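# A look at the structure
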Protein chains: 2
Amino acid sequence: MNLGVDVGGTFVKLGIIDDDGKVVNRQKISTLTSEGSDAIIQSIIESIELLLINSGLNISDIKGIGIGFPGTTDQGNGMVVCAPNIFWENVEVVSRIKTHFGLPVHIGQDSRAAAWAEYLFGAGKGFDYIAGITLGTGLGCGMVFKGSIYNGGFNTAGEFGHQIVEVDGNRCNCGGKGCLEVYAGGPALLKSGLQIPDIEVLVGKLINEITVLDIFLLAKQGNPGALACTEKYVKYLGIGLVNLINLNSLELISISGGISNAPDELLFNPLVKFIKERAYPLASEKVKVVKSTLGDDAPLIGASMLYLSNK
Amino acid sequence: MNLGVDVGGTFVKLGIIDDDGKVVNRQKISTLTSEGSDAIIQSIIESIELLLINSGLNISDIKGIGIGFPGTTDQGNGMVVCAPNIFWENVEVVSRIKTHFGLPVHIGQDSRAAAWAEYLFGAGKGFDYIAGITLGTGLGCGMVFKGSIYNGGFNTAGEFGHQIVEVDGNRCNCGGKGCLEVYAGGPALLKSGLQIPDIEVLVGKLINEITVLDIFLLAKQGNPGALACTEKYVKYLGIGLVNLINLNSLELISISGGISNAPDELLFNPLVKFIKERAYPLASEKVKVVKSTLGDDAPLIGASMLYLSNK
């Protein structure tokens, strides 16, 4: 059995995962973001112990522990370099958990763990060059090349949302300008959707309850304003994917995240059409763009299997 | 000794290269583009024989032959899939040259061979994640990750010039729209430069003799029109490099090609400044962007060493 941990800005998910990538038991706790890294690490340790007890397992039944973080990790030194959502910077994590349990502990970025899971057990099985993209507030991206997670030289690979798609574009949280995330992040789509006249009446919700998926559903009903919003979103996302495909010659892109549940005719179908039309010919004919098969569990499953990536 | 061949649209360069990457003898013939692939392959075979004689070498002194092509190659099947400059499509080349000489023959894309040479003997020595960019009519790009040339799933990796940088941009030769090459290819810079009023008088050349470097030299003299052209060029090239760095977390980018000889204060200095300002923080601080040390010989040297890349 393997133990996976997926640390997010709101919740920490933990799971016992068998060698076939199946989650056999799971647990979820709040992320103690305001209490600092020590408190979070301590709560992870305690939750692991509880999960083992609840699962009727001993620590000796577990091969190793893998933890995914929403940020840049340094696998080699067992550190989280920078994870803005949980306010971590240069936090040593592997040695502390390893010391406690006496087991191998591996860490990695959550997006890369998700791509790794898709490669091992999901949509990417059987492919040698894949990317996993998570559509949400930000744009997560992990890549797996020839059986290894691709981290790059500075562990910053896959900053997909921070490719520049507008030369003199709007400011991004990263400090840059014109980044893809500014145009194809969830908040960008929601912001433009909320400007549709009578949006509350059209959706039947208060303005602060309206979600990105509501804008997609409104577009599905043929609302021209909503259609303009989703079409713009798909176009920018398409550009980001074309660039990724043209630079890295990927065989398969697996898409997950809340927004991936939008109606196919408004998201996947036009996205695939855009890529066929705009990507480099020899790649555009062959590349597969599909929905993730592991969904929200991908980061958890992938984290538990980080020990299998030889990089 | 190793034998390298660099097939270009105008010339085929051949060289005897020692194990330290030094070109010990060389030869150059015209590319018989209009006579078809058979004629070109035959002329390569004859030129190799002549080069060996001129170098006082026997075929038994050569470990292997490596050939770089300006297009997409399929290393595994020994074929050139598509090389528009020489009008080749699906040409089997390895088996024919191998049969003739009885030696191992390796092929690859010229840009990747160039990056490989920089990795082995040039600017990229000692780095694990590099790209070699060639600035010319098009924008060549080869990447080397962890001691292997990166070809990707469809052998189309590094189509750097065909990333989309303008959402609804101008048509590109590749069939796409808004590609980087449309804005940061040599012809784009030249075209805008030739529109500077009195350009012939300013440069002191007839319009059809003016080159991209002339526009850079005019900008160096402070001509505002020329400065606007080179600044626009650098900005688009900078966007392309930022995207490559953000997606692939490269440690070093080596830049070659005719335009890389432009004055540093107008090309390298503003390019490095742009990358420091716009690339993802953790990478922008550390990435090195330098001039190629092997220059025009890089594709030839890299071709001769293709057998060392295990992919």
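Look a little higher up for the structure.
Okay, so let's go over this structure. (Residues numbered from 1 in each chain as written. Chains lettered and ligands numbered in written order. Predicted model: local features only at pLDDT ≥ 70, side-chain atom pairs only at ≥ 80, totals over all residues. Heavy atoms only, no water.)

### Things to note about the sheet that holds strand E6 (residues 79-83) of chain A
Residue and element names in this part refer to chain A. In space, the three strands of this open sheet follow the order E5-E6-E7, with antiparallel pairing throughout. Two strands close off the open sheet at either side, each with one partner strand: strand E5 (72-74) and strand E7 (88-92). Ignoring strand direction, the axes of neighbouring strands in this sheet form an average angle of 10°. Pairing of E6 with E7 involves four bridges; the strand directions are antiparallel. Bridged to Met79 within E7 is Glu92. (Pairing = 2+ DSSP bridges. Helix = DSSP H or I, 4+ residues; strand = E, 2+ residues; numbered from the N terminus. Axes fitted to C-alpha atoms, helices over the stretch in contact; angles between N-to-C directions.)

### Thoughts on the side chain of Ser254 of chain B
Residue and element names in this part refer to chain B. Looking at the secondary structure, you find Ser254 in strand E12 (residues 252-256). For Ser254, a relative accessible area of 1% translates into the label buried. The contact partners of Ser254, leaving out residues within four places of it in the chain, are Glu118, Ala123, Ala131, Gly132, Ile133, Val290 and Ser292. (Buried < 20%, exposed > 50% of the residue type's maximum accessible area, 1.4 Å probe, protein only. Contact = heavy atoms within 4.5 Å.)

### Remarks on helix H2 (residues 94-101) of chain A
Residues and elements named next belong to chain A. Restricting attention to buried positions, one finds in H2 the residues Val94, Ile97 and Phe101. Taken down its axis, H2 places every buried residue within 80° of arc, on the same side. The positive-phi residue at the C-terminal boundary of H2 is Gly102, with phi of around 65°. (Arc of directions from axis to C-beta.)

### Overview of the relation of the copies chain B and chain A
Here chain B sits on chain A after a turn of 180° about the axis and a move of 0.0 Å along it, with an RMSD of 0.0 Å. Those values place the two copies in the arrangement expected of a two-fold rotation axis. Ranked by how close their C-alpha atoms come to the rotation axis, the residues of chain B are headed by Val165 of chain B, at 2.7 Å. A share of 100% of interface residues in chain B that are also interface residues in chain A marks the association as one of identical surfaces. (Least-squares fit on C-alpha atoms with pLDDT ≥ 70 in both.)

### Regarding the pattern of salt bridges
Residues and elements named next belong to chain B. Using the criterion set out here, one finds 14 salt bridges over all chains in the structure. Ionic pairing is found between Lys63 and Asp19, a salt bridge with its closest N-O pair at 2.8 Å. One end of the pair, Lys63, is in the loop between helix H1 (37-54) and strand E4 (65-69); the other, Asp19, is in the loop between strand E2 (11-17) and strand E3 (23-30), and 44 residues separate them in sequence. Measuring nitrogen to oxygen at the nearest pair gives 3.2 Å for the salt bridge that ties Lys273 to Glu277. Here Lys273 pairs with Glu277, and both are found in helix H9 (residues 268-278), just four residues apart, close to one helical turn. Using a relative accessible area of 53% as the deciding quantity, one classes Lys273 as exposed. According to the relative accessible area criterion, Glu277 is partly exposed, its value standing at 47%. (Salt bridge = Lys/Arg side-chain N within 4 Å of Asp/Glu carboxyl O.)

### Some thoughts on the interface of chain B and chain A
Frequently, the measure chosen for interface size is the accessible area that the parts lose on association. Counting residues at the interface gives 48 residues for chain B, matched by 48 residues for chain A. Taken together, the two surfaces of chain B and chain A that pack against each other cover about 4300 Å², and 61% of this comes from carbon and sulfur. Counting the surface chain B buries against chain A, the share from its top three residues, Phe154, Leu247 and Arg278 of chain B, is 19%. Of the charged contacts in the structure, one is a salt bridge between Lys235 of chain B and Asp168 of chain A, with a shortest N-O distance of 2.7 Å. On inspection of chain B and its partner chain A, the count reaches 23 residue pairs in polar contact (both at pLDDT 80 or more). Tallying contributions element by element places helix H8 (residues 224-248) of chain B first for the side of chain B that touches chain A, with nine residues. Its residues assigned to classes, the side of chain B that touches chain A comprises 25 nonpolar, 13 polar and 10 charged. (Buried area = accessible area lost by both parts, 1.4 Å probe. Polar contact = N/O pair within 3.5 Å; in protein donor to acceptor, adjacent residues only side chain to side chain. Nonpolar A, V, L, I, M, F, W, Y, C, P; charged D, E, K, R; others polar.)

### Notes on the sheet that holds strand E7 (residues 88-92) of chain B
Residues and elements named next belong to chain B. Taken in spatial order, the three strands of this open sheet run E5-E6-E7, and their pairing is antiparallel. What marks the edges here is a single partner per strand, and that holds for strand E5 (72-74) and E7. Going from strand to strand, the sheet's axes swing by 10° on average, the running direction of each strand aside. Relative to strand E6 (residues 79-83), E5 runs antiparallel, the two sharing three bridges. Its bridge partner lying in E6, Asp74 is registered against Met79.

### Concerning unusual backbone geometry
For residues other than glycine, phi is negative in most cases, and the peptide bonds are mostly trans. Unlike most non-glycine residues, Asn90 of chain A shows phi in positive territory, near 50°. With respect to the element layout, Asn90 of chain A can be found in strand E7. Owing to a relative accessible area of 49%, Asn90 of chain A belongs among the partly exposed residues under this scheme. The phi dihedral of Asp198 of chain B is positive, around 60°, even though this residue is not glycine. The topology assignment puts Asp198 of chain B in the loop between helix H5 (186-193) and helix H6 (199-203).

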